[in-house]
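Observations on chain architecture
Spelled out from the first residue to the last, the chains are:
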Amino acid sequence: MCSNVKSVTVGVLMHPAVMFMNSNKSEGNIRRIIQENRQKCSMAGIALMNECIINKGPNRDIDRDAVNMLITRLISGQYDTVVVENMADITADESDLEEFMHDAANIGVGFFELSTMQYHMYDTTVRSADKERPIWDGGTGC
């Protein structure tokens, strides 16, 4: 998991959520999966709304259209949570995932992972290791 991501226990507060999934399943199967996931989410205090963004692609990395659609929904402010089966459904690249989660945290959005039943929120108060390194002084004092 990304270094700046903290997992927290979700309380009884209902968080409005949009589901994001990678799937080539039929619409009927997707509806069944969403219904099952809605029950899991409600036990964790998350209200999985009727909207779901589905990435139907040959690879596991999300495509630009799916990302843009998700970002548009998140910026609208109607959701504060993205529900995924696994965080790797967003992207398998840890650096890309961290950047996406950082951007989402800046607008108050976290992620609920169904496979672990954990809520993940990027901690914007912790600086990444790249930003903690001192600026090179050109070798002064060597």
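Residues numbered from 1 in each chain as written. Predicted model: local features only at pLDDT ≥ 70, side-chain atom pairs only at ≥ 80, totals over all residues. Heavy atoms only, no water.

Scanning the protein from terminus to terminus reveals four helices and six strands. Helices (α) and strands (β) of the protein occur, in sequence order from the N terminus, as β-β-α-β-α-β-α-β-β-α. Taking all 142 residues of the protein together, 39% fall into the buried category. Partitioning the intrachain contacts of the protein with sequence separation of at least 6 by distance along the chain shows that 74% fall at a separation of at least 24. Summing over all exposed atoms, the protein offers an accessible surface of approximately 8,500 Å²; the carbon and sulfur share of this is 52%. (Helix = DSSP H or I, 4+ residues; strand = E, 2+ residues; numbered from the N terminus. Buried < 20%, exposed > 50% of the residue type's maximum accessible area, 1.4 Å probe, protein only. Contact = heavy atoms within 4.5 Å. Areas by Shrake-Rupley, 256 points an atom, 1.4 Å probe, with all protein chains shown as cover.)

As a further point, take the packing of aromatic side chains. This model, assessed by the stated rule, comprises one aromatic pair. Relative to Phe111, the ring of Phe100 has its centre 6.0 Å away and its plane inclined at 50 degrees; by these criteria the two rings are tilted. Of the two residues, Phe100 is situated in helix 3 (residues 94-105) and Phe111 in strand 5 (residues 110-113); the sequence distance between them amounts to 11 residues. Phe111 carries the same exposure label as Phe100, and that label is buried. (Phe/Tyr/Trp six-rings, centres within 6.5 Å; stacked < 30°, edge-to-face > 60°.)

Summed over the entire model, instances satisfying the criterion amount to three salt bridges. Salt-bridge contacts for Glu27 lead to Arg31; the nearest nitrogen and oxygen are separated by 2.5 Å. Placement of both Glu27 and Arg31 in helix 1 (residues 27-43) is noted, with a separation of four residues, approximately one turn of the helix. Each member of the pair, Glu27 as well as Arg31, carries the same accessibility label: exposed. (Salt bridge = Lys/Arg side-chain N within 4 Å of Asp/Glu carboxyl O.)

Here we come to the pairing of strand 2 (residues 15-22). Taking burial as the measure, the eight residues of strand 2 include seven buried ones, the bulk of the element. As for the winding sense of the linkage, the β-α-β connection from strand 2 through helix 1 to strand 3 (residues 46-55) is right-handed. As paired elements, strand 2 and strand 4 (residues 81-84) share three bridges and run parallel to each other. Across the sheet, Ala17 pairs through a bridge with Thr81, a residue of strand 4. (Right-handed = clockwise from strand over helix to strand, strands pointing away. Pairing = 2+ DSSP bridges.)

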